[in-house]
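Summary of structural features
So you can see what is in the structure, the chains are spelled out below.
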Amino acid sequence: MSVRLQPELRNQLIQFGIGDWNACYHCGTCTAICPLSEKGFLFPRNKIRLMQMGVKDELETSVEPWLCYYCGDCTKSCPRDANPGELMMSLRRYLTSKYDWTGLSRKFYTSGVWELGFILVFAALVVIAFLFLLPAYGFKFTTELTAQGGVQVNAFAPWEYIEIFDWSMAAVVALLLISNILRMYYKIIWKDGKTTVSIWTHIREFWLLIYNFVVQPRFSKCEDKNYWLSHWFLMSGYTIMFIVIVVYLEWFQTDEILPFWHPQRTLGYYATFGLLFGLFVAIIGRIRKKRIKFQFSHVSDWLFLIMLTLTVITGILIHIFRINGMAWATYISYIAHMAILVPMILIEVPFSKWSHLAYRPFAVYFQQLKKHAVPRKSNQ
Amino acid sequence: MKKAGSTGVFIYNPPIAIPYPFDITEITCYLSSFPNVVRIWQYPDFPWSEKNLVKMITEHQLERLVIVGVLCGTVKTLFSKAMTLAGKNPRHVYLASFDEYGIELTKDLDRAKSLLAHMITDIPMEVNPAGIQPITQPATLVIGGGIAGIQAALEIAYSNNTVYLVEKSGTIGGKMATFDKTFPTLDCAACILTPKMVEVNQHPFINLMSYAEVQDINGSPGNYTVKILKKARKVNVQTCIGCGTCAEKCPAQEPSEFDFGTTMRKAIYIPFPQAVPNKYMIDAASCIYIKNGKCRACVKACPVPDCINLDEQDATVDINVGNIIVATGYKPFNASRMAEFGYGKFPNVLTSLEFERLLNASGPTGGNIHLRSQDKKGNWIFTADTPKPHRIAIIHCVGSRDKNYNKYCSRVCCMYSLKFSHLVMEKLSDAEIFEYFIDMRSFGKGYEEFYERIKSEEVEIIRGKTAKIEEKDGKLFIRGEDILKNDLIENVVDMVILSVGLEPSEDTAKLSAMMGIPISEGGWFNELSYDIEPTATIRGGIHLAGTCQGPKDIPDSVAQGSAAAAKVIRSILKGTVSQEHDFIPQEKIKSYLAEIEK
Ligand SMILES: Cc1cc2nc3c(=O)[nH]c(=O)nc-3n(C[C@H](O)[C@H](O)[C@H](O)COP(=O)(O)OP(=O)(O)OC[C@H]3O[C@@H](n4cnc5c(N)ncnc54)[C@H](O)[C@@H]3O)c2cc1C
Ligand code: SF4
Ligand code: SF4
Ligand code: SF4
Ligand code: SF4
């Protein structure tokens, strides 16, 4: 089989954050030290080779970049400062843009203007909706408090409406994500054209997907246990919030102030804490740059951290203002909250950083499928 | 940077002098490119009288005068006086004297320009006068008694000139003395080296000072005064018969320096049986008598009266030499800096130099390869009582070609690793050997052929460096990528040899400061010119030989030893030391000038 070399690929990859692609002299130290690299699924060295030579097809169909959890061991021991860990990270950004058929992902990763513009437009739409659209349906800003002295949030942002909106947004995002995952599946499993995987294998290995999503065991295999913990907190906090807001908003967004130990509040507090803790570790890490994975921050990394932090902070403010009966403060934080949250979800989940939440466990699933793949019978 | 004041230039070339070797318009063009040069006068159109000169100086508001050419010293007084009369500083008369700065030939044009730039801009540059200095001391000092130092010392001594050979340790021979065989010829190292070492000791023109160090160097090229610290051997080198009775009785033990700590020696010891001088010595740091005032077991045992003097103190001597050859060699990279390989933690992870001792027929195991074990006191030593290893891994480039340690390639480790593979196959016929390399550097004469030969000897040569060694039940686990097979190999071996790189020896920085010769990137002594003056340094009369100048193998070290000796002999024969080095390249001058412009 002939291989097409596309050296111009390197210039593209530079936009996704690869630094010195030429530094590597192929000693293999990184592959040997990587706790996640295994027989049949070697990385990062041979991916760097593909990058240097511009073997685009093989790069695009490789699952390995997703198996790297960026512990940074390889970067630490690389004798040429080639930074293999960051090269893998950049490859993941590149692959995300390749899975995405809309082309937006690529735009967001390579152009700050596009990303910022997108955020501003959607933030503006949200503000307009709250100021003009909802009031047109008779909902109002009222300073009248409930009997308990809380703000009547549902009077200006009724949960039924918000939930419909949440659902539709979730549907859009899910559609995009699912179609991207299908593309990922096609590229990794079918495109190489050499092997085939049985239906039964698909079913049998599916449980792995669930397990990997919940526990993230590969992450803990990377040497740094503390980081696994904070990442786990961040992830679980995020998931809980996502579920209660999208599925159980009626239960979550009440005007009544529930007792402190009510699950609505404890669950909310836990999720908030998880998010804050994870964010705190990540932000401090990126500022201090001690951990290798935090040493090189792409614009998209910062943007995401900032947006998520602002979302959490405005969320906390809503809660505080509401139970203390500060109506206007509550409304303003609510609108701000939504104005940040909506563009963040729309960008991050299908197109950018948070898509790895889906790609990662699927990659492990696909890896498993590949292990059981059998050579394809040639078309006779 | 301060700008030099307006300058008048006088090009002087009286008919009695030798004519300029190059076109004078080149010089005038170059001179007029300096903004502070107000006017150029050319001989004989000079304002010759004092009065005319004063007029010129005031008319052109000259602050400085530069006289360029040959024999210009003869007219300096006239110009100084004129400056005084014009109310200017009489010291601001500068001589760019071609004869004084050794500018004689057409090829010296660049040198001439350097000199002019210096004089016109008044930027301090190290253009020293006197290209040649007389040598007043015919003797030569050689620092370091490795193969390079030995070679240089012998060459000079055979030209009937005195050599002082100062060796830091108790014996000459350097690293080569610890080897069994040398690549690529697989010659017996001792068979080549020992006769040379004995020659050094017996040569009437060589004054061997072992266990000695250079403490201070003063003076100028051709006439250096060197202070040498002779550490107390506490055994009389003249009378000791080398019988070894003393060591048998000595109760104190220390790891042997010569064996790189893989055997134990007594406090009174001989570095190795063929040491030169072949005499015993006392290590004051481990001698019980010196520490506690009690013992003297050796003195009681020694059959030669007054041979051992435990109270002998270090002494210093001053010697005068005309030339110095530095041949201080290298030290191995400290493998414990790379914690991932577990050197110093796992007994059977060895450095290459330790392994050389294991291979050596006169080494601790008689040349048989055995696993390393611990003695009662916890020292990791080689003995012939332990089992032999079956699977041995050799890891290349340890500490070399690595930005975290040394960036350079150490040049010899690929070849000695191949040599190891061969010698292991020879000694352990059932052994399996794995060599992990990145690139195979077999560049010398016969080296590639040697590599081909080893490849045919069933050595597993794997492209891909390993990253980590782990130990479990005495077995060593190595994970590495086989790049050519695109596979991950998890290997279990009994012994790992780390092919450590070469680093400049400990005293390099100290000696560099003492002698005023610079150190290059990587810490090696800097030669004057890599291509054409590989043994000279920027200081006249100081030469380099062997690995102190950069990693190299034995043939290259020997060649450089001879080359440095040739320079010294030339200097002794001519009675001069050359100093052509103070020439500053034009690029450097350009950058100086650019800085002034700012
Ligand atoms: C494991 C190994 C195997 C090798 N095998 C081979 C081989 O098979 N073939 C080959 O060609 N090359 C081989 N080499 C390379 C070889 O060792 C060197 O090329 C050679 O020894 C260099 O000799 P040298 O005289 O420059 O330095 P050295 O041998 O290091 O000698 C330097 C001498 O200077 C002395 N000294 C140091 N500092 C001072 C001081 N301040 N004052 C006074 N004296 C001082 C030292 O005590 C030493 O005696 C091998 C190297 C290693 C590490
Ligand atoms: S990235 Fe670094 S460690 Fe990995 S093969 Fe390249 S040079 Fe070696
Ligand atoms: S960052 Fe960690 S997981 Fe990723 S390739 Fe490097 S060593 Fe492997
Ligand atoms: S006993 Fe005396 S003569 Fe014999 S080796 Fe020792 S010091 Fe030399
Ligand atoms: S000679 Fe070989 S082993 Fe030594 S540093 Fe160079 S490439 Fe590495």
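Residues numbered from 1 in each chain as written. Chains lettered and ligands numbered in written order. Predicted model: local features only at pLDDT ≥ 70, side-chain atom pairs only at ≥ 80, totals over all residues. Heavy atoms only, no water.

What follows covers the confidence of the model for chain B. In low-pLDDT regions, the fine details of the predicted coordinates are not to be read closely. Of all residues in chain B, 94% attain a pLDDT of 70 or more, and the chain-wide mean is 90. Under the prediction, the complex receives an ipTM of 0.79, its pTM being 0.80. (pLDDT = per-residue confidence, 0-100.)

Residue and element names in this part refer to chain B. Following the criterion strictly, the structure yields one disulfide over all chains and no others. A sulfur-sulfur separation of 2.2 Å characterises the disulfide bridge that pairs cysteine 188 with cysteine 191. Its S-S torsion of approximately 85° makes the covalent link between cysteine 188 and cysteine 191 right-handed. Of the residues examined, cysteine 188 reaches a relative accessible area of 27% and is grouped as partly exposed. Here cysteine 191 falls in the exposed class, since its relative accessible area comes to 53%. (Disulfide = S-S within 2.5 Å. Buried < 20%, exposed > 50% of the residue type's maximum accessible area, 1.4 Å probe, protein only.)

What follows covers the pattern of salt bridges. Considering all chains together, one arrives at 41 salt bridges over all chains under this definition. A salt bridge links A:Lys76 to A:Asp73, with the nearest nitrogen and oxygen atoms 3.7 Å apart. With a gap of three residues between them, A:Lys76 and A:Asp73 both fall in helix α6 (residues 73-77), about one helical turn apart. Classification of A:Lys76 by relative accessible area gives exposed; the value is 54%. In this structure, B:Arg372 engages B:Glu354 in a salt bridge whose closest nitrogen and oxygen atoms are separated by 3.4 Å. With B:Arg372 in strand β21 (residues 372-374) and B:Glu354 in helix α10 (residues 352-359), the pair connects residues that are 18 residues apart, well separated along the chain. (Salt bridge = Lys/Arg side-chain N within 4 Å of Asp/Glu carboxyl O. Helix = DSSP H or I, 4+ residues; strand = E, 2+ residues; numbered from the N terminus.)

Here we take up empty space enclosed by the protein. Residue and element names in this part refer to chain A. Taken as a whole and judged by the stated rule, the model has eight cavities of 30 Å³ or more. Volume-wise, the largest cavity comes out at about 460 Å³. Surrounding the largest cavity, 29 residues form its lining, Tyr227, His231, Arg286, Lys353 and His356 being those nearest its centre. Counting residues per element, the ones that place at least two in the lining of the largest cavity are α7 (84-99), α15 (225-246), α17 (263-288), α18 (299-323) and α20 (356-371). Residues belonging to the lining of the largest cavity are distributed by class as follows: 17 nonpolar, five polar and seven charged. Taken domain by domain, the makeup of the lining of the largest cavity includes at least three residues from each of domain 1 (7-99) and domain 2 (104-371). (1 Å grid on protein atoms, 1.4 Å probe; cavity = no way out; pocket = protein on both sides within 12 Å on 5 of 7 lines; lining within 4 Å. Points joined across faces, edges and corners; volume = space filled by probe spheres on them. Nonpolar A, V, L, I, M, F, W, Y, C, P; charged D, E, K, R; others polar. Domains from an automatic or database assignment.)

Before going further, it helps to examine the domain arrangement of chain A. Residues and elements named next belong to chain A. Domain assignment breaks chain A into domain 1 (7-99) and domain 2 (104-371). The gap between the C-alpha centroids of domain 1 and domain 2 is 28 Å. The partner domain 2 presents 33 residues to the 31 residues of domain 1 that form the contact. With both sides pooled, the region where domain 1 packs onto domain 2 buries about 3300 Å², and carbon together with sulfur makes up 61% of that total. Area buried by domain 1 at its contact with domain 2 is led by Trp66, Tyr69 and Tyr99, which between them contribute 25% of it. Applying the counting rule to domain 1 against domain 2 returns three salt bridges. (Contact = heavy atoms within 4.5 Å. Buried area = accessible area lost by both parts, 1.4 Å probe.)

On to the interface of chain B and chain A. The interface of chain B with chain A comprises 18 residues on the first partner and 22 residues on the second. Regarding the contact of chain B and chain A, the summed buried area is about 1700 Å², with carbon and sulfur atoms giving 46% of it. Scanning the region where chain B abuts chain A turns up two salt bridges. Here A:Arg45 makes a salt bridge to B:Glu481, at a shortest N to O gap of 3.0 Å. The interface formed by chain B and chain A includes 14 residue pairs in polar contact (both at pLDDT 80 or more). (Polar contact = N/O pair within 3.5 Å; in protein donor to acceptor, adjacent residues only side chain to side chain.)

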